[in-house]
Amino acid sequence: MAMGKYLQEKQFPFLFLLVAGFMCIAFFLLAFSMSSYPSEFQKVEKEDVKSKHGNNIIKHGDARPDLWQHGQVVAQNKNNSTSNDKRPAEIEREANQVTVDGTQKKNAEKVIVESTRKQDAKQLAAEDVRKQGKKSIVFRRQDDPGLNWVPCQWNGAADFIPCLDNAKAIKRLRSRRHMEHKERHCPAKVDLPRCLLPLPDGYRSHILWPKSRDTIWLKNVPHTKLVEYKKDQNWVRISGELLVFPGGGTQFKDGALSYINFIEKVFPNVAWGTRTRLVLDVGCGVASFGGYLFDKGVLTMSVAPKDEHEAQIQLALERGIPAILGVIGTQRLVFPSNVYDVVHCARCRVHWHGDGGKPLLEINRILRPGGYFIWSATPVYRDDQAHRDVWTAVMALTESMCWTLVLKTMAKTGVGIAIYQKPTSISCYMQRKQQDPPLCQEDDIPDAAWYTPLQRCIHQIPSESSVHGSMWPSNWSLRLEEEPLWLKYTLGSTNGSSRDFHKDTAYWRDVVQNLYSHDLSIDWSIIRNVMDMKAGFGGFAAALIEQPVWVMNVMPIDGPDTLPLIFDRGLFGVYHDWCESFNTYPRTYDLLHADHLFSDLTLRCNLVDTILEMDRILRPQGWVIVRDTAMIVKQLLPVMHSLHWHTNIKITQTEENLIVAQKGSWRPETEKVFD
């Protein structure tokens, strides 16, 4: 204004108008550029995510065909829009704008644009625009999000599991009588370490399956307590730089395979690989039982706590055998009801009759009607008073639960087994002289399994065909692509549910065969342990069935519950909330698949923490496939780059954005790459 007054006083009207014009243009450009920058993230009140997952079960008429898109399950009446989610200004700055015209493709999965990021280059984020009726892709170079990672430097950081290693919470526990200290105690967000876990000294690329079943690198899992503690039981031994697993176990004196064959010989009804497809191995040790059942066409979920045996689940996963950390303590296991064909316990150190029988009642919840509980433990075959007392207590409990003892025998090794069968109807429950344990209340949802306390009660056997668990599924492998009868009732109209189920199966088969297997530059030969972070119908896992991989199907707790369907297909998985850490050790998965997962998490979770958790559980050289909207992809890419992941972007004709990322071995304290 002073300058304008000066010009007027000097009677330079032309210069005054010229300067004033430039100032107006400058203010206009500044206002326009500022309008393109979003404000800070809006504060959103978080939902209570520790509700029972069973409340999200799809009920009759609750789902429509349009809710099932590209293998993802979209919750009804749920606003998945991220239009109100603002990104920080540093993620939105634009530079070096380049326009590339694309063309229409008949195949929806044909990639029309691909951008490859070199290790030290800044990633291009893609944004769809339309100009003059043509489809164009505008690439905008993004700034770094400002994440400066530091190494985690406390003792044991290399094996850190946030929700199981929360020392402060464990110290505050009033009791450890029921294994409370082995259960989940997730830290508050302010206490969650924002650092990167170090690699064990000497870490190297894992040995590939099937050789890994028998040998792994010692320095990848540098824990040797089991070698000494179980040296007489043939669990594991050291051979130079290797840990060798001969296949033995406390109850497997002639090896796990011999034990497996013995069970089928004395009890042919178990029918490994046909009638019996899914097994839960409780207190699994190093999971040799599950490892050798692969040869029989059986998929085994091995579960054990993080305990004094030191890293038994980590050893199992390094071997390429499905396993998860868990304990039968005060809360339900993270599985639906009526889904396992067999539950196995070989000296699993669970007091089945303790706490009023709650541990065995939990097994009753997850075991299919007509399924078998195989118990191989000293009370079965030792005759001293202490063991007789345990046997008597367990027999009284199983009889009150209407279980039938179908076999009790002993192998030539001196190891005995007892096999019980769960009933297939509710008639026995009604005929009991004493209703103890009682039947569960009607409002007790049997599939509720996320932070759900154990109850001393028996869930009724499903009798209506509209409820999962009412019928035994077809033999393997017919059940993989066979739609269960109950699904037709659950999803509404028979035609609609059939169309969606089979459409989903065909869709993922096409994606895996024509895109994932060939066009993404993924080296599938090194992949064994796979996780589908939002599994839907399980179509992605079904499409990989011919590959030498296994898939952990994860069902997010805030969406519709289709996990029982996945089990009925002969696949398995768990419930989980991706705002928290997963119950596994670091460096245990080779590939993580996230189909429209992050769109659902934006209102509840910090996406940086979710990516950090993925980095924790992913092996070096492991892969990530993310399918989501362009807006979500823009938020994820800078975080991935800050972790030095190598990323490719693919944009499909269906408006989806694909991130294909590979984790390296970079850690903040070193640039050294392992062998």
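In this numbering scheme, every chain counts its residues from 1 along its sequence in written order. Residue-level local features of this predicted model are given only where pLDDT is at least 70; pairs of side-chain atoms are given and counted only at 80 or more, and the full residue set underlies all totals for whole chains, interfaces and linings. Only hydrogens and water are set aside; all other atoms, that is, all heavy atoms of the structure, feed into the side-chain values.

### Looking at the overall build of the protein chain
A helix here means a DSSP run of H or I that spans at least four residues, while a strand means a run of E at least two residues long, and both kinds are numbered starting from the N terminus. The number of helices and strands found in the protein chain is 19 helices and 23 strands. Relative accessibility thresholds used throughout: buried, under 20% of the residue-type maximum; exposed, over 50%; partly exposed, between the two (1.4 Å probe, protein chains only). Taking all 675 residues of the protein chain together, 56% fall into the buried category. Excluding contacts between residues fewer than 6 apart, the proportion of contacts in the protein chain whose partners are at least 24 apart in sequence is 71%. Only carbon and sulfur atoms are counted for the fraction: they give 52% of the accessible area of the protein chain, which is about 30,100 Å². Here, residues are in contact when the closest pair of their heavy atoms is within 4.5 Å. Areas reported here follow the Shrake-Rupley algorithm with a probe of radius 1.4 Å; residue values treat only the protein chains shown as occluding.

### Re the packing of aromatic side chains
Working definition: a ring pair exists when centres of Phe, Tyr or Trp rings (six-membered ring for Trp) sit within 6.5 Å. Plane angles under 30 degrees give stacked, over 60 give edge-to-face, the rest tilted. Applying the stated criterion across every chain yields a total of 23 aromatic pairs. Taking the centre distance of 5.5 Å and the plane angle of 70° together, the rings of Trp 209 and Phe 294 count as edge-to-face. Taken together, the residues Trp 209 in the loop between α4 (167-171) and β7 (215-217) and Phe 294 in the loop between α7 (288-293) and β11 (299-304) connect sequence positions 85 residues apart. Look at Phe 294 and you get partly exposed, because its relative accessible area is 21%.

### Description of a nonpolar patch on the surface
Residues Met 471, Leu 485 and Tyr 489 make up a contiguous nonpolar surface patch of roughly 290 Å² in combined accessible area. Tracing the backbone shows Met 471 in the loop between α12 (427-431) and α13 (485-490). Among the residues examined, Met 471 registers a relative accessible area of 51% and is labelled exposed. Patch membership requires over 30% relative accessible area and the absence of a salt bridge. Like charges are linked within 9 Å, and nonpolar side chains (Val, Leu, Ile, Met, Phe, Trp, Tyr) within 5 Å. Only one rule defines a salt bridge in this text: a Lys or Arg side-chain nitrogen within 4 Å of an Asp or Glu carboxyl oxygen.

### With respect to the side chain of Lys 422
Positionally, Lys 422 belongs in the loop between β16 (416-421) and α12. Positive charge is attributed to Lys and Arg, negative charge to Asp and Glu, and no charge count is given to His or to the chain ends. Although Lys 422 is buried, it makes no salt bridge; Asp 447 carries the closest opposite charge, 9.9 Å away. A polar atom in the side chain of Lys 422 sits 2.9 Å from the side chain of Asn 338. Once residues lying within four places of it in the same chain are set aside, the contact partners of Lys 422 are Asn 338, Asn 364, Arg 365, Leu 367, Arg 368, Pro 369, Gly 370, Gly 371, Trp 403 and Ile 461. Here a polar contact means two N or O atoms within 3.5 Å. Within protein one must be a hydrogen donor candidate and the other an acceptor candidate, and residues neighboring in sequence count only if both atoms are side-chain atoms.

### Some details on the pattern of salt bridges
Within this structure, the stated rule accounts for 25 salt bridges. Taken together, the shared-partner salt bridges connect Asp 341, Arg 368, Arg 479 and Asp 568 into one network.

### So, the state of the cysteines
Pairs of cysteine sulfur atoms within 2.5 Å are identified as disulfides in what follows. Tallied over the full model, the rule gives 6 disulfides. Put simply, Cys 152 and Cys 195 are joined by a disulfide, and their sulfur atoms are 2.0 Å apart. The sign of the 100° torsion about the S-S bond sets the Cys 152-Cys 195 disulfide as right-handed. In this pair, Cys 152 is assigned in the loop between β6 (134-141) and α4 and Cys 195 in the loop between α4 and β7, connecting sequence segments 43 residues apart.

### Examining the confidence of the model for the protein chain
For every residue, the predictor assigns a confidence score, pLDDT, that lies between 0 and 100. Mean pLDDT over the protein chain works out to 81, with 76% of the residues at or above the 70 mark. A low-confidence stretch, residues 1-17 (pLDDT under 50), is modelled with 7 contacts involving residues beyond four sequence positions or located in other chains. Within the model, pLDDT remains below 50 along residues 28-144, and this stretch shows 249 contacts once partners closer than five positions in the same chain are excluded.

### Overview of the sheet that holds β11
One requirement defines pairing of two strands: DSSP has to find at least two bridges between them. Spatially, β12-β11-β10-β13-β14-β16-β15 is the arrangement adopted by the 7 strands of the open sheet, whose pairing is mixed. The open sheet terminates on both sides in strands that have one partner only, identified here as β12 (323-325) and β15 (404-410). Between one strand axis and the next, the sheet turns through 20° on average, direction left out of account. Here strand β14 (residues 367-376) pairs with β16 via 4 bridges, running antiparallel. Residue pairing for β16: Trp 375 is matched across the bridge by Ala 418. For helices, the fitted line uses only the C-alpha atoms of the stretch in contact; every axis is such a line through C-alpha atoms, and the angle between N-to-C directions lies from 0 to 180 degrees. Lying on the sheet, helix α9 (residues 358-366) is in contact with β10 (278-282), β13 (340-346) and β14; it crosses β14 at an angle near 135°.

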